[in-house]
Every structure is written in structure tokens, then in C-alpha cells.
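Structure assessment
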Amino acid sequence: MNNAPYVEHLTGTRAPKLWYSNINWEQGRAAQEIRLPHINNASGDRLVSQMDLYQIYLADRDDLVLLKKAPDPEFLSYLEEEKIAIPSIAIGARSEYTGEFCNRIAVPYLMDEQEEQFLKENGGRWIGPPARLSVELNSKIATRKLCEEIGFPVSDGRICEGLDAIRRTCAELEGRHPGARLVVKTAYGSSGKALFHIHRGSDLVTLLGYLKRQISRGGGQPVVTVERWHQVERHLTAQLWLGGTDCEILAMTEQRITDAGVYRGSRLHPDLPESLMAAYTEQLQQLGKSLHSRGYEGFIGVDSILDEDGTLIPVIEINARLTMVTYLLKIRKHLLERGFPRMETQSYDFKLHPGAKFAEFAEKVTSIRISAEQGGAFVYGFHHDRESADRILPCRVSTLSWGVDDEAEKLARQGLEEAIMEWRGAVV
């Protein structure tokens, strides 16, 4: 499904590439900033760190992919049986493979000052933006400033520095939108970790008390955005490539987001109204032009919403880095060329007995009853946390289902969910 070169054609470079990941970068960056109340999930973070495996789906055959830990061998066997072209894989940190950077172009998950310095000392070539732009644009606060500068519509609210500003802005928003939920955002953090939801006055009291304690321990004045939370009709995303002077829209997708702002999956080729497509395309091109003028090159992801009133807010968040959808772009292109316009990804979290074998699950998946001409199903991620103190292992399975139409895709997805339920029931 991922045999044809993709990044080589997109970038125009034939040199082999070296892929590596610092996928939990935002959590580390957030720890240096003001923090919002949230529940720590160390096991979940360890599962996320294993998603560096997804680099293999976008890498070309002659590339080298660095992984922090070796994938489950049964899962790798399954990928080979599914005709996934697996590039060369090495296990360890990038510092263990400095010699490889001289003859390859680096493709880091995210560029920051540390990565930029390392690459300048060990080869000096990479695909992606300069560190200053990557760090700036990954900030939710900087993103809002950029949108205001461009003239894009933004959520009602403002950037606040200090507790008094937060308190005043919440009062103003309550006055304009009585009873509406408000959301406070810090600069960095993904999958809902940079958000705090204010449903009622007591939530604001909790937040202010939490921030005040951080200040008393030597933290600086908090800088956050406070905004009205929109009731969302559609969570849209776009994958862009900025190279030379062009902004190429690689994909428009639609996310499934929980009410707490946590990502659970995507529709990789949604059926969007023509008028919405035209408006979204125009604003994405305008964004790309603005980023080009700042010196940005490389992949970029854009999160957007269409709210229940029909208002398109084109930029809620910028991911100046690779994303989970970026890694699936080659497979997405392959399925579209084969005539499968309906594609859905989904992640499932559950617990497994330590003796569970992925091969047992793979056998159930490959026996899903749907003809190859109508659709199909694929497990592109299998992760488990063996460092967990629980007797049973936290596990995450990420899947892709596709079909010639919605009904065929739904049938494939139901087959995946039934296979997961059978596997869980048999081993837990």
C-alpha cells in the first residue's frame, strides 16, 4: 500500500532520508510553561511515544527510520503480509547514528532549537522549517496572533497575561454569551492537555487558585488565551506542503474529537460541500502565502472548525510538524487511486492480558468478510505499555477502514470492532 515514492516526488530530492521522532516534545515544552489542571497519564504518554513507528508509512524504501523501541515482531510480520513496504529500521536515539546524517536528509517529527543545532553539527540537511518558526507556530498563542494579523475570523476571546486579565475576560465573555462554556489554552500541549474548560463559576475559581499556587512557587505570570467554546458541526484539518513558492494542499480531512478536545480518529477524504471546499481552499492558500513570506518550508497541519452557525474558523491550531495524518498520506493516495473514497481511522484503548498475542488478533482482522473490490481493513498501530504497574497491559490499536461508499466502509469498520471485542474477550 505504500510502495511508490511519495516524499521524493513531493520534494524533488532523490537523496535517501533519515526519519526520527521527538513525538512527546509538546509535553516537555509544556512542562516549562505555565500549566493547567489535568490528570496525568504516564501510561498514555508511553503509548503515544511508540507512535514513532508510523514514520514507516511515509518513508520511501531506501530511507532509514529510527525508533526508540523495537516494534512487536508479530505486528511487523502482519505488516509484511499486508504488503507494507518497510524501510530500514534502527533502534535507538539519533545521537547513536550520527554517521548516517552525512549521507541522508533528516526528517524530524518536529524541529526545535536542540534539533536544529544537532543537525547543523551532523550533516546539516533536513526537510522542515527553521526552528524559530516551528517553535513559534506550534504555540496556540502565536497562532491566534497570526490569525488576527492576517484578518482570519477567530473565536471570541483574547490573549490574557495574569490572573486579573483572565478574570476580566471570563466576565466579558459571560456577558456576551451567557451560560456558554469557555476554554483556556496554554501555548503548548496536544490532545486536550493544553485546555481547561470552564462550565461554571466554580471552575474559574479552581483554575485561578491553581495558577496562583504556581506563581507563589516562583512561576511567572500566566499567558493564556481565553475563548468561547464553539459547538462544532465539523472538525476540519488540512495537510499542506510549502516548498519553493508554492502551497500545495495535500489533503483535507475531518477529525473525530471528544467533548474534552481529545483526538480519536479521522475521515481521510470527507465529502464536503463545494462552497465550503472553495472557502476553505482560499483561506488555506492565504495562510500558506503568509507563512511563505516568513520563510516556512515543509509539512504543516492546520486544525479548523465549522461551527453550528455555519461559521468557518480556518485556523484553530497550527501543527508546524508532522502529524498522524501526515504519516498516512501515501496510503491515502494509494486508496484513492484504487477507487476507495471513503476512509476512516480510529484508535481503541483497552487492557490486555500479558500473554496476549497480536497474531491472534491479526488472524481475526484478515478474516473480516468484505470483498477486496468493495473495501478493506488494516491495523496500522499496535502499542502496549509493559511498564505499567497494572496486572493487565494498557493497549492501543489504531485502524484504517475503507470502502467504495459509506456502507462498505462501515461494514469494514464494524468487522474491525468485532475482531477487537472478540480478542479482548478471549484474553482479558
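Structural notes, computed from the coordinates. This one's a predicted model, so the numbers in the text were calculated from it and none came from an experiment.

**Describing the packing of helix H8 (residues 140-150) against helix H11 (residues 274-294)**
Put simply, H8 and H11 touch, their axes get as near as 11 Å, and they point 110 degrees apart. Of the possible angle classes, the one that applies to H8 and H11 is roughly perpendicular. In this structure, H8 uses Leu146, Glu149 and Ile150 to contact H11, whose residues at the interface are Gln286, Leu287, Ser290, Leu291 and Arg294.

**As for unusual backbone geometry**
Positive phi, close to 65 degrees, is recorded for lysine 83, a residue that is not glycine. Within the fold, lysine 83 resides in the loop between helix H5 (73-81) and strand S3 (88-91). With relative accessibility at 60%, the residue lysine 83 sits in the exposed group.

**A few points about helix H13 (residues 329-337)**
Turning to H13, its buried residues number three or more, namely Leu329, Lys330, Ile331, Arg332 and Leu335. Note on H13: the residue one or two positions beyond its end, glycine 339, has a positive phi of about 90 degrees.

**What about the packing of aromatic side chains?**
Within this structure, the stated rule accounts for 17 aromatic pairs. Centroid distance tyrosine 54 to tyrosine 380: 5.2 Å. Interplanar angle 65 degrees. Geometry classified as edge-to-face. Of this pair, tyrosine 54 sits in the loop between helix H3 (42-49) and helix H4 (55-58) while tyrosine 380 sits in strand S15 (residues 375-384), and the two are 326 residues apart along the sequence. Per residue, the accessibility class of tyrosine 54 equals that of tyrosine 380, and both read buried. An aromatic cluster of three or more residues is present, and its members are Tyr54, Tyr57, Phe75, Tyr78, Phe350, Phe358, Phe361, Phe378, Tyr380, Phe382 and Trp423. Note that arginine 94 overlies the ring of phenylalanine 118, its terminal NZ or CZ placed 4.0 Å from the centroid.

**Observations regarding the pattern of salt bridges**
Following the criterion strictly, the structure yields 26 salt bridges and no others. The salt bridge involving glutamate 8 is made with arginine 14; its shortest N-O contact spans 3.4 Å. Since its relative accessible area comes to 17%, glutamate 8 is described here as buried. Classification of arginine 14 as exposed rests on a relative accessible area of 72%. Residue aspartate 271 pairs with arginine 342 through a salt bridge whose shortest N-O separation is 3.9 Å. Taken as a pair, aspartate 271 in the loop between strand S11 (263-267) and H11 and arginine 342 in strand S14 (residues 342-352) lie far apart in primary sequence, 71 residues in all. Accessibility expressed as a relative area gives 55% for aspartate 271, which makes it exposed. In this structure, a network of salt bridges that share partners links the residues Lys17, Asp60, Asp63 and Lys330.

**Points about the side chain of histidine 383**
With respect to the element layout, histidine 383 can be found in strand S15. Separated by 2.9 Å, the side chains of histidine 383 and tyrosine 54 make a polar contact.

**Overview of the sheet that holds strand S1 (residues 17-20)**
Spatially, the four strands line up as an open sheet ordered S3-S2-S1-S4, and their pairing is parallel. The open sheet has two edge strands with one neighbour each: S3 and strand S4 (105-108). The mean inter-strand angle of the sheet, taken between neighbouring strand axes irrespective of direction, is 25 degrees.

**Notes on the pairing of strand S13 (residues 312-319)**
In terms of burial, S13 is largely enclosed, as seven of its eight residues are buried. Sheet topology note: the strand S12 (residues 298-307)/S13 ladder contains five bridges and is antiparallel. Bridged to valine 302 within S13 is isoleucine 318.

Basis of the calculations
- Residues numbered from 1 in each chain as written.
- Predicted model: local features only at pLDDT ≥ 70, side-chain atom pairs only at ≥ 80, totals over all residues.
- Heavy atoms only, no water.
- Axes fitted to C-alpha atoms, helices over the stretch in contact; angles between N-to-C directions.
- Helix = DSSP H or I, 4+ residues; strand = E, 2+ residues; numbered from the N terminus.
- Parallel < 35°, antiparallel > 145°, perpendicular 65-115°, else oblique.
- Contact = heavy atoms within 4.5 Å.
- Buried < 20%, exposed > 50% of the residue type's maximum accessible area, 1.4 Å probe, protein only.
- Phe/Tyr/Trp six-rings, centres within 6.5 Å; stacked < 30°, edge-to-face > 60°.
- Lys NZ or Arg CZ within 6 Å of the ring centre and 35° of its normal.
- Salt bridge = Lys/Arg side-chain N within 4 Å of Asp/Glu carboxyl O.
- Polar contact = N/O pair within 3.5 Å; in protein donor to acceptor, adjacent residues only side chain to side chain.
- Pairing = 2+ DSSP bridges.

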